[in-house]
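# Tertiary structure, described
Below, each chain spelled out in residue letters.
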Amino acid sequence: MFDKLGQLKDLWKLKSQMEEIKKRLDNMVIKVDSPRHIFQLTISGSQEVKEVTVDEALVKNFGAAEISDDIKAVFNKAVRDSQGMAAQAMGNFGMPQA
C-alpha cells in the first residue's frame, strides 16, 4: 500500500514538473529570419507560431516558388530550434531525453 502511495506522489511530482516545463516553453520565443530576408517567423518554445513579419518588397521582388521555399525553410528551422529548447528544458528537470 505504501508503495502505491509513493508511486502516486512520484506521478504528482512529475505532473507538476511537466506543467512547469510547459509554462516555461510557452514563454520562450525563437525568431528565425528567412534565407532571403523577406520574412521572419516567431515561434514559441511549445511550437506555436506567434508572429510572421513580411518585408514590403516581398510581393514586388520574389516569385511564389521562392516565397514558398523560404516559408518552409524558416518554419522547419523554427520547429527544430524549439524542439532543442524543449529537450534542454526537459534535461533541466532531470527528464530523460529522446
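Description of the structure in this document. Along each chain, residues carry numbers from 1 onward, in the same order as the chain's sequence is written. Residue-level local features of this predicted model are given only where pLDDT is at least 70; pairs of side-chain atoms are given and counted only at 80 or more, and the full residue set underlies all totals for whole chains, interfaces and linings. Heavy atoms from the whole structure form the basis of all side-chain values; hydrogens and water molecules are not counted.

## Focus: the sheet that holds strand β3 (residues 49-54)
Strand order in the open sheet formed by three strands is β1-β2-β3, and the pairing between neighbours is antiparallel. Where the open sheet ends on each side, the last strands, each with one partner, are β1 (29-33) and β3. Taken over all neighbouring pairs, the strand axes of this sheet differ in orientation by 15 degrees on average, direction set aside. Strands are treated as partners if at least two bridges between them are detected by DSSP. In this text, helices come from DSSP runs of H or I with a minimum length of four residues, and strands from runs of E with a minimum of two, each type numbered from the N-terminal end. Two elements, strand β2 (residues 39-44) and β3, share five bridges in a ladder whose sense is antiparallel. Across the sheet, residue Phe39 finds its bridge partner in β3, namely Val54. Structural elements are reduced to axes, namely lines fitted to C-alpha atoms, with helices fitted over the stretch in contact, and the angle between N-to-C directions of any two is expressed from 0 to 180 degrees.

## Describing the environment of Asn61
Along the chain, the position of Asn61 falls in helix α2 (residues 58-61). The sequence separation of Asn61 and Ile38 amounts to 23 residues, and the corresponding C-alpha distance is 9.5 Å.

## A closer look at the nonpolar core
To form a nonpolar core, buried Ala, Val, Leu, Ile, Met, Phe, Trp, Tyr and Cys residues must be joined to one another through side-chain atoms within 4.5 Å. Buried means the residue's accessible area, taken with a 1.4 Å probe over protein chains only, is under 20% of the maximum for its type, while exposed means over 50%, and partly exposed covers the values in between. Within the largest apolar cluster, 15 residues are counted, with the highest numbers of intra-cluster contacts made by Leu25, Ile30, Val32, Ile43, Val74 and Ala78. For this core, the secondary-structure elements that each account for two or more residues are α1 (2-27), β1, β2 and α3 (64-92). Ranked by residues supplied to this core, first place goes to α3 with six residues. Whether two residues are in contact is decided by their heavy atoms: any pair within 4.5 Å suffices. If we skip the residues at most four places from it in the chain, Ile43 touches Met28, Val29, Ile30, Glu48, Val49, Lys50, Ala78, Val79 and Ser82.

## A closer look at the side chain of Ser44
When you line up the elements, Ser44 lands in strand β2. Residue classification places Ser44 among the buried residues on the basis of a relative accessible area of 1%. Setting aside chain neighbours within four positions, we find Ser44 in contact with Leu25, Asp26, Met28, Val29, Lys50 and Ser82.

## Let's talk about a nonpolar patch on the surface
Taken together, the side chains of Leu5, Leu8, Leu11, Leu14 and Met18 make up a nonpolar region of the molecular surface, amounting to roughly 450 Å² of accessible area. Relative to the assigned elements, Leu5 resides in helix α1. Any residue with relative accessible area above 30% and no salt bridge may belong to a patch, with like charges joined within 9 Å and the nonpolar Val, Leu, Ile, Met, Phe, Trp and Tyr side chains within 5 Å. Each accessible area is a Shrake-Rupley result for a 1.4 Å probe, and residues are judged covered by the shown protein chains and nothing else. Just to be clear on terms, a salt bridge is a Lys or Arg side-chain nitrogen sitting within 4 Å of an Asp or Glu carboxyl oxygen.

## Thoughts on unusual backbone geometry
A positive phi is found at His37, a non-glycine position, where the angle reads about 60 degrees. Within the secondary structure, His37 sits in the loop between β1 and β2. Here His37 falls in the exposed class, since its relative accessible area comes to 55%.

All we've got here are geometric facts, nothing functional implied.
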